[in-house]
Amino acid sequence: MYSIQVDSLSKSYGNFVAVDGIDLEVERGTIFGFLGPNGAGKTTTMKLLTTLIAPSSGKINILGIDGVKSPLEVRKKIGVVLQQPSYEPTLSVEKSLEKYGMMWNVDSKTRKMRVEELLVAFDLVDIRKKKNDDLSIGQRRRVQVAREFMHDMDLLFLDEPTVGLDPSARRNLLDYIKARVRDGLTIFFTTHILEEAEYLCDKIAIINRGKIIAVDTPEELKNKFGRQKTIKMHLEQKQDVSALLGEIPGCTIEYDSGTVITIHSDRSEQVLQDVLRILASSGISIEDLSVVPTSLEEIFLSVVKNSNESNNSSSK
Ligand SMILES: Nc1ncnc2c1ncn2[C@@H]1O[C@H](COP(=O)(O)OP(=O)(O)O)[C@@H](O)[C@H]1O
Ligand SMILES: [Mg+2]
(Lines give C-alpha, C1' and ligand atoms only; values in the text may rest on other atoms or scores of the structure.)
(Ligands and ions follow the chains in the order given, each with its own letter.)
Protein backbone atom coordinates (compact mmCIF):
# COMPACT_ATOMS: atom_id res chain seq x y z
CA MET A 1 0.00 0.00 0.00
CA TYR A 2 1.46 3.34 -1.05
CA SER A 3 0.99 6.71 0.62
CA ILE A 4 2.65 8.56 -2.22
CA GLN A 5 2.67 7.61 -5.89
CA VAL A 6 4.12 9.94 -8.45
CA ASP A 7 4.45 9.49 -12.22
CA SER A 8 6.67 11.57 -14.51
CA LEU A 9 6.25 14.63 -12.34
CA SER A 10 7.75 17.86 -13.69
CA LYS A 11 7.77 21.51 -12.73
CA SER A 12 9.24 24.26 -14.88
CA TYR A 13 9.77 27.93 -14.15
CA GLY A 14 9.97 29.51 -17.59
CA ASN A 15 12.70 27.60 -19.40
CA PHE A 16 14.15 26.25 -16.19
CA VAL A 17 13.16 22.70 -15.23
CA ALA A 18 13.25 22.49 -11.41
CA VAL A 19 11.73 19.00 -11.21
CA ASP A 20 12.35 16.81 -14.21
CA GLY A 21 10.14 13.78 -14.71
CA ILE A 22 10.44 12.04 -11.37
CA ASP A 23 8.74 8.78 -10.35
CA LEU A 24 8.22 7.96 -6.70
CA GLU A 25 6.54 5.33 -4.56
CA VAL A 26 6.43 5.64 -0.80
CA GLU A 27 5.07 2.75 1.22
CA ARG A 28 2.67 3.41 4.04
CA GLY A 29 4.23 3.43 7.49
CA THR A 30 7.76 4.13 6.27
CA ILE A 31 10.16 7.06 6.31
CA PHE A 32 11.20 8.17 2.87
CA GLY A 33 14.25 10.39 2.65
CA PHE A 34 14.69 12.87 -0.16
CA LEU A 35 18.35 13.70 -0.27
CA GLY A 36 20.13 16.21 -2.45
CA PRO A 37 22.39 19.25 -2.53
CA ASN A 38 21.04 22.79 -2.41
CA GLY A 39 19.05 23.68 -5.48
CA ALA A 40 18.45 20.02 -6.39
CA GLY A 41 14.66 20.38 -6.39
CA LYS A 42 13.74 19.01 -2.95
CA THR A 43 11.54 21.90 -1.84
CA THR A 44 9.88 22.18 -5.23
CA THR A 45 9.01 18.46 -5.08
CA MET A 46 7.63 18.89 -1.55
CA LYS A 47 5.47 21.78 -2.67
CA LEU A 48 4.15 19.69 -5.55
CA LEU A 49 3.38 16.69 -3.34
CA THR A 50 1.65 18.86 -0.74
CA THR A 51 -0.37 20.59 -3.49
CA LEU A 52 1.02 24.04 -2.66
CA ILE A 53 2.03 24.45 -6.28
CA ALA A 54 0.66 22.76 -9.40
CA PRO A 55 2.86 20.57 -11.60
CA SER A 56 3.70 21.40 -15.20
CA SER A 57 2.99 17.76 -16.01
CA GLY A 58 2.69 14.37 -14.37
CA LYS A 59 0.52 12.55 -11.87
CA ILE A 60 0.41 12.81 -8.09
CA ASN A 61 -1.47 10.42 -5.88
CA ILE A 62 -1.45 11.11 -2.16
CA LEU A 63 -3.19 8.62 0.18
CA GLY A 64 -5.28 7.43 -2.74
CA ILE A 65 -6.36 10.96 -3.68
CA ASP A 66 -5.50 12.70 -6.95
CA GLY A 67 -3.35 15.62 -5.85
CA VAL A 68 -3.84 17.60 -9.04
CA LYS A 69 -7.64 17.30 -9.13
CA SER A 70 -8.37 17.39 -5.39
CA PRO A 71 -5.68 19.42 -3.63
CA LEU A 72 -7.94 20.45 -0.75
CA GLU A 73 -8.84 16.83 0.00
CA VAL A 74 -5.15 16.03 0.18
CA ARG A 75 -4.34 18.93 2.48
CA LYS A 76 -6.88 17.80 5.06
CA LYS A 77 -5.04 14.53 5.53
CA ILE A 78 -1.42 15.58 5.59
CA GLY A 79 0.93 17.57 7.77
CA VAL A 80 3.52 19.90 6.29
CA VAL A 81 6.51 21.62 7.82
CA LEU A 82 8.01 23.91 5.24
CA GLN A 83 11.60 25.02 5.03
CA GLN A 84 10.83 28.68 5.73
CA PRO A 85 10.34 29.70 9.35
CA SER A 86 6.72 30.31 10.27
CA TYR A 87 5.65 31.62 13.66
CA GLU A 88 3.64 34.28 15.41
CA PRO A 89 6.13 36.56 17.15
CA THR A 90 4.05 37.47 20.19
CA LEU A 91 2.61 34.02 20.92
CA SER A 92 4.17 31.87 23.64
CA VAL A 93 5.45 28.40 22.87
CA GLU A 94 2.53 26.63 24.58
CA LYS A 95 -0.01 28.98 22.99
CA SER A 96 1.50 28.32 19.59
CA LEU A 97 0.88 24.61 20.00
CA GLU A 98 -2.58 25.18 21.45
CA LYS A 99 -3.61 27.52 18.65
CA TYR A 100 -2.38 25.16 15.97
CA GLY A 101 -4.50 22.40 17.49
CA MET A 102 -7.54 24.69 17.43
CA MET A 103 -6.94 25.48 13.78
CA TRP A 104 -7.17 21.77 13.08
CA ASN A 105 -10.31 21.38 15.20
CA VAL A 106 -8.67 19.13 17.75
CA ASP A 107 -10.93 18.93 20.82
CA SER A 108 -9.77 20.74 23.90
CA LYS A 109 -9.00 17.68 26.04
CA THR A 110 -6.84 16.13 23.32
CA ARG A 111 -5.18 19.51 22.72
CA LYS A 112 -4.16 19.84 26.37
CA MET A 113 -2.78 16.33 26.39
CA ARG A 114 -0.81 16.79 23.21
CA VAL A 115 0.62 20.16 24.22
CA GLU A 116 2.09 18.60 27.37
CA GLU A 117 3.39 15.59 25.47
CA LEU A 118 5.04 17.69 22.75
CA LEU A 119 6.57 20.18 25.18
CA VAL A 120 8.38 17.24 26.75
CA ALA A 121 9.22 15.43 23.51
CA PHE A 122 10.73 18.55 21.93
CA ASP A 123 12.44 19.74 25.10
CA LEU A 124 10.34 22.91 25.29
CA VAL A 125 9.12 22.67 28.88
CA ASP A 126 11.53 25.29 30.23
CA ILE A 127 10.60 27.81 27.57
CA ARG A 128 6.87 27.10 27.37
CA LYS A 129 5.96 30.65 28.45
CA LYS A 130 8.49 32.40 26.22
CA LYS A 131 7.34 34.31 23.17
CA ASN A 132 8.44 33.06 19.77
CA ASP A 133 10.19 36.39 19.21
CA ASP A 134 12.51 35.69 22.13
CA LEU A 135 13.52 32.19 21.00
CA SER A 136 16.68 31.11 19.22
CA ILE A 137 16.39 29.93 15.63
CA GLY A 138 16.75 26.31 16.74
CA GLN A 139 14.06 26.67 19.42
CA ARG A 140 11.70 28.25 16.91
CA ARG A 141 12.32 25.41 14.51
CA ARG A 142 11.50 22.90 17.25
CA VAL A 143 8.21 24.67 17.94
CA GLN A 144 7.41 24.75 14.24
CA VAL A 145 7.95 21.00 13.91
CA ALA A 146 6.30 20.14 17.25
CA ARG A 147 3.05 22.00 16.49
CA GLU A 148 2.53 19.92 13.34
CA PHE A 149 2.10 16.90 15.61
CA MET A 150 -0.88 18.57 17.29
CA HIS A 151 -3.23 17.19 14.68
CA ASP A 152 -3.99 13.72 13.33
CA MET A 153 -2.57 12.91 9.95
CA ASP A 154 -1.66 9.91 7.85
CA LEU A 155 1.29 11.47 6.10
CA LEU A 156 3.76 14.13 7.17
CA PHE A 157 6.09 16.17 4.97
CA LEU A 158 9.17 17.68 6.60
CA ASP A 159 11.43 19.98 4.58
CA GLU A 160 14.90 20.02 6.17
CA PRO A 161 13.44 19.99 9.70
CA THR A 162 16.78 19.73 11.47
CA VAL A 163 18.46 22.80 9.99
CA GLY A 164 19.53 25.08 12.84
CA LEU A 165 19.22 22.39 15.53
CA ASP A 166 22.15 21.41 17.73
CA PRO A 167 23.23 17.74 17.65
CA SER A 168 21.21 16.62 20.66
CA ALA A 169 18.02 18.39 19.55
CA ARG A 170 18.56 16.90 16.13
CA ARG A 171 18.84 13.39 17.50
CA ASN A 172 15.81 13.99 19.71
CA LEU A 173 13.72 15.03 16.73
CA LEU A 174 14.83 12.11 14.59
CA ASP A 175 14.02 9.66 17.41
CA TYR A 176 10.59 11.21 17.95
CA ILE A 177 9.87 10.87 14.24
CA LYS A 178 10.97 7.23 14.35
CA ALA A 179 8.61 6.50 17.20
CA ARG A 180 5.67 8.12 15.41
CA VAL A 181 6.34 6.06 12.32
CA ARG A 182 6.22 2.90 14.43
CA ASP A 183 2.70 4.05 15.34
CA GLY A 184 1.71 4.03 11.66
CA LEU A 185 2.57 7.49 10.34
CA THR A 186 4.26 7.86 6.94
CA ILE A 187 6.96 10.49 6.57
CA PHE A 188 8.50 12.23 3.59
CA PHE A 189 11.62 13.93 4.76
CA THR A 190 14.14 16.08 2.91
CA THR A 191 17.72 16.69 3.94
CA HIS A 192 21.10 17.44 2.45
CA ILE A 193 22.81 15.41 5.19
CA LEU A 194 23.56 11.81 4.24
CA GLU A 195 24.12 10.59 7.82
CA GLU A 196 20.72 11.89 8.85
CA ALA A 197 18.96 10.11 6.01
CA GLU A 198 20.86 6.95 6.81
CA TYR A 199 19.87 7.06 10.46
CA LEU A 200 16.22 7.71 9.84
CA CYS A 201 15.02 6.44 6.52
CA ASP A 202 13.75 3.12 5.22
CA LYS A 203 14.38 4.31 1.71
CA ILE A 204 16.32 7.19 0.23
CA ALA A 205 16.01 8.91 -3.12
CA ILE A 206 18.93 11.02 -4.25
CA ILE A 207 17.90 13.98 -6.35
CA ASN A 208 20.18 16.21 -8.37
CA ARG A 209 19.25 18.92 -10.85
CA GLY A 210 15.60 17.90 -10.73
CA LYS A 211 16.22 14.24 -11.48
CA ILE A 212 16.21 11.24 -9.20
CA ILE A 213 19.52 9.52 -9.73
CA ALA A 214 19.22 6.71 -7.20
CA VAL A 215 16.53 5.14 -4.99
CA ASP A 216 17.49 2.49 -2.50
CA THR A 217 17.73 1.45 1.12
CA PRO A 218 20.44 3.26 3.11
CA GLU A 219 22.46 0.05 3.28
CA GLU A 220 22.53 -0.33 -0.47
CA LEU A 221 23.37 3.33 -1.05
CA LYS A 222 26.19 3.07 1.42
CA ASN A 223 27.49 0.01 -0.38
CA LYS A 224 27.32 1.82 -3.67
CA PHE A 225 28.67 5.22 -2.69
CA GLY A 226 29.99 5.17 0.87
CA ARG A 227 33.35 3.71 -0.02
CA GLN A 228 34.13 6.37 -2.57
CA LYS A 229 37.25 8.37 -2.03
CA THR A 230 38.68 11.32 -3.85
CA ILE A 231 42.35 11.36 -4.72
CA LYS A 232 43.73 14.78 -5.51
CA MET A 233 47.22 15.30 -6.88
CA HIS A 234 49.36 18.13 -8.18
CA LEU A 235 51.88 17.37 -10.86
CA GLU A 236 55.14 19.23 -10.65
CA GLN A 237 54.80 20.29 -14.23
CA LYS A 238 51.89 20.88 -16.50
CA GLN A 239 51.47 17.74 -18.56
CA ASP A 240 48.75 15.79 -20.35
CA VAL A 241 48.58 12.41 -18.63
CA SER A 242 45.03 11.48 -19.68
CA ALA A 243 46.21 8.84 -22.14
CA LEU A 244 48.52 7.30 -19.55
CA LEU A 245 45.88 7.08 -16.81
CA GLY A 246 42.92 6.38 -19.06
CA GLU A 247 43.36 2.62 -18.82
CA ILE A 248 42.98 2.34 -15.03
CA PRO A 249 39.71 0.51 -14.24
CA GLY A 250 37.16 1.46 -11.58
CA CYS A 251 37.62 5.20 -11.38
CA THR A 252 36.62 8.50 -12.94
CA ILE A 253 39.36 11.04 -13.51
CA GLU A 254 39.05 14.79 -13.99
CA TYR A 255 41.88 16.84 -15.43
CA ASP A 256 41.96 20.58 -15.13
CA SER A 257 43.89 22.55 -17.72
CA GLY A 258 46.87 22.84 -15.40
CA THR A 259 48.51 20.45 -12.99
CA VAL A 260 45.62 19.20 -10.87
CA ILE A 261 44.21 15.68 -11.26
CA THR A 262 41.11 14.55 -9.33
CA ILE A 263 40.22 10.87 -9.19
CA HIS A 264 37.01 9.38 -7.76
CA SER A 265 36.99 5.69 -6.97
CA ASP A 266 35.55 3.15 -4.56
CA ARG A 267 38.76 1.13 -4.79
CA SER A 268 41.00 4.09 -4.15
CA GLU A 269 43.93 2.15 -2.70
CA GLN A 270 44.46 0.06 -5.81
CA VAL A 271 43.79 2.99 -8.09
CA LEU A 272 46.32 5.10 -6.23
CA GLN A 273 48.95 2.37 -6.60
CA ASP A 274 48.26 2.12 -10.33
CA VAL A 275 48.48 5.89 -10.75
CA LEU A 276 51.75 6.16 -8.84
CA ARG A 277 53.29 3.25 -10.74
CA ILE A 278 52.30 4.62 -14.15
CA LEU A 279 53.49 8.14 -13.41
CA ALA A 280 56.76 6.95 -11.91
CA SER A 281 57.53 4.72 -14.88
CA SER A 282 56.99 7.71 -17.17
CA GLY A 283 59.24 9.89 -15.06
CA ILE A 284 56.44 12.25 -13.98
CA SER A 285 56.77 13.78 -10.51
CA ILE A 286 54.00 14.61 -8.09
CA GLU A 287 54.21 17.67 -5.93
CA ASP A 288 51.30 17.01 -3.63
CA LEU A 289 48.82 14.21 -2.91
CA SER A 290 45.73 13.76 -0.74
CA VAL A 291 43.04 11.10 -0.31
CA VAL A 292 39.73 12.09 1.30
CA PRO A 293 36.26 10.54 1.47
CA THR A 294 34.24 11.80 -1.47
CA SER A 295 31.66 14.36 -0.40
CA LEU A 296 28.03 13.75 -1.16
CA GLU A 297 28.04 16.56 -3.66
CA GLU A 298 30.94 14.99 -5.51
CA ILE A 299 29.16 11.64 -5.48
CA PHE A 300 26.09 13.27 -7.02
CA LEU A 301 28.16 14.88 -9.71
CA SER A 302 30.08 11.74 -10.52
CA VAL A 303 26.89 9.65 -10.56
CA VAL A 304 25.22 12.14 -12.89
CA LYS A 305 28.29 12.29 -15.08
CA ASN A 306 28.43 8.49 -15.25
CA SER A 307 24.74 8.24 -16.12
CA ASN A 308 25.26 10.67 -18.98
CA GLU A 309 28.13 8.75 -20.45
CA SER A 310 26.93 6.03 -22.80
CA ASN A 311 26.66 2.58 -21.27
CA ASN A 312 30.24 2.08 -20.20
CA SER A 313 30.42 -1.32 -18.50
CA SER A 314 29.85 -2.43 -14.96
CA SER A 315 27.49 0.06 -13.31
CA LYS A 316 24.68 -1.86 -11.69
N1 LIG B 1 9.47 30.09 -7.82
C2 LIG B 1 10.60 29.81 -8.48
N3 LIG B 1 10.91 30.47 -9.62
C4 LIG B 1 12.06 30.17 -10.30
N5 LIG B 1 12.95 29.24 -9.91
C6 LIG B 1 12.69 28.55 -8.80
C7 LIG B 1 11.51 28.79 -8.03
N8 LIG B 1 11.52 27.94 -6.96
C9 LIG B 1 12.66 27.22 -7.07
N10 LIG B 1 13.36 27.57 -8.17
C11 LIG B 1 14.64 26.99 -8.60
O12 LIG B 1 14.49 25.59 -8.69
C13 LIG B 1 15.67 24.92 -8.25
C14 LIG B 1 15.32 23.95 -7.16
O15 LIG B 1 14.97 24.68 -6.00
P16 LIG B 1 14.52 23.96 -4.66
O17 LIG B 1 13.45 22.99 -4.97
O18 LIG B 1 14.21 25.01 -3.67
O19 LIG B 1 15.87 23.18 -4.28
P20 LIG B 1 16.28 22.50 -2.88
O21 LIG B 1 15.12 22.53 -1.97
O22 LIG B 1 16.71 21.11 -3.25
O23 LIG B 1 17.44 23.29 -2.37
C24 LIG B 1 16.64 26.00 -7.82
O25 LIG B 1 17.55 26.23 -8.88
C26 LIG B 1 15.74 27.19 -7.59
O27 LIG B 1 16.45 28.39 -7.81
MG1 LIG C 1 14.90 23.30 -0.11
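Residues numbered from 1 in each chain as written. Chains lettered and ligands numbered in written order. Predicted model: local features only at pLDDT ≥ 70, side-chain atom pairs only at ≥ 80, totals over all residues. Heavy atoms only, no water.

By the naming in an unreviewed UniProt entry, the chain goes by ABC transporter, ATP-binding protein and is assigned to Nitrosotalea sinensis.

Caption draft 1: Expanded view of the packing of helix 3 (residues 93-103) against helix 5 (residues 137-148). One can describe the packing of helix 3 onto helix 5 by two numbers: an axis separation of 9 Å at closest approach and a directional angle of 30°. One element, helix 3, and the other, helix 5, form an angle in the roughly parallel class. Helix 5 is crossed by helix 3, and the crossing has right-handed handedness. On helix 5, the residues touching Val93, Ser96, Leu97 and Tyr100 of helix 3 are Val143, Ala146, Arg147 and Glu148. When the residues that make up the contact of helix 3 with helix 5 are grouped by side-chain class, the tally is 5 nonpolar, 1 polar and 2 charged. (Axes fitted to C-alpha atoms, helices over the stretch in contact; angles between N-to-C directions. Helix = DSSP H or I, 4+ residues; strand = E, 2+ residues; numbered from the N terminus. Parallel < 35°, antiparallel > 145°, perpendicular 65-115°, else oblique. Left-handed = near helix turned anticlockwise from the far one by under 90°. Contact = heavy atoms within 4.5 Å. Nonpolar A, V, L, I, M, F, W, Y, C, P; charged D, E, K, R; others polar.)

Caption draft 2: Region of interest: a negative patch on the surface. On the surface, Asp7, Asp23, Glu25, Glu27 and Asp202 cluster together to form a negatively charged patch. If one sorts the elements of the negative patch by residue count, strand 2 (residues 16-27) sits on top with 3 residues. Among the structural elements, glutamate 27 can be located in strand 2. (Patch = residues over 30% accessible without salt bridge, like charges linked within 9 Å, V, L, I, M, F, W, Y side chains within 5 Å. Areas by Shrake-Rupley, 256 points an atom, 1.4 Å probe, with all protein chains shown as cover. Salt bridge = Lys/Arg side-chain N within 4 Å of Asp/Glu carboxyl O. Lys, Arg positive; Asp, Glu negative; His and termini not counted. Charge placed at Lys NZ, Arg CZ, Asp CG, Glu CD.)

Caption draft 3: Inspection of the sheet that holds strand 1 (residues 2-13) at higher detail. Ordered in space as 2-1-4-5, the 4 strands form an open sheet in which the pairing is antiparallel. Strands with a single pairing partner mark the edges of an open sheet, and in this sheet they are strand 2 and strand 5 (65-66). Examined bridge by bridge, strand 4 (residues 57-62) and strand 5 share 2 bridges and lie antiparallel to one another. Paired with asparagine 61 across the strands is aspartate 66, a residue of strand 5. Against the sheet, helix 1 (residues 42-49) engages strand 1, strand 2 and strand 4, with an angle of about 120° to strand 1. (Pairing = 2+ DSSP bridges.)

Caption draft 4: Here's a closer look at the sheet that holds strand 8 (residues 186-191). Reading across the sheet, the 6 strands line up as 6-7-8-3-9-10 and stay open at both edges, with mixed pairing between neighbours. Looking at strand neighbours, the two that pair on one side only are strand 6 (78-81) and strand 10 (211-216), the edges of this open sheet. Taken pair by pair, the neighbouring strands of this sheet meet at an average axis angle of 15°, ignoring direction. Where strand 6 and strand 7 (residues 155-159) come together, 4 bridges link them in parallel fashion. Residue isoleucine 78 lies in a different strand from strand 7, and its bridge partner there is leucine 155. Sheet contacts for helix 1: strand 3 (31-35), strand 6, strand 7, strand 8 and strand 9 (203-208); angle to strand 8, the most-contacted strand, approximately 155°.

Caption draft 5: Structural view of the pairing of strand 12 (residues 251-255). Judged from the 5 bridges that link them, strand 12 and strand 13 (residues 260-265) form a sheet pairing that is antiparallel. Residue pairing in the sheet places isoleucine 253 in a bridge with isoleucine 263 of strand 13. Between strand 12 and strand 13, which pair antiparallel and follow one another directly, the connecting turn spans 4 residues.

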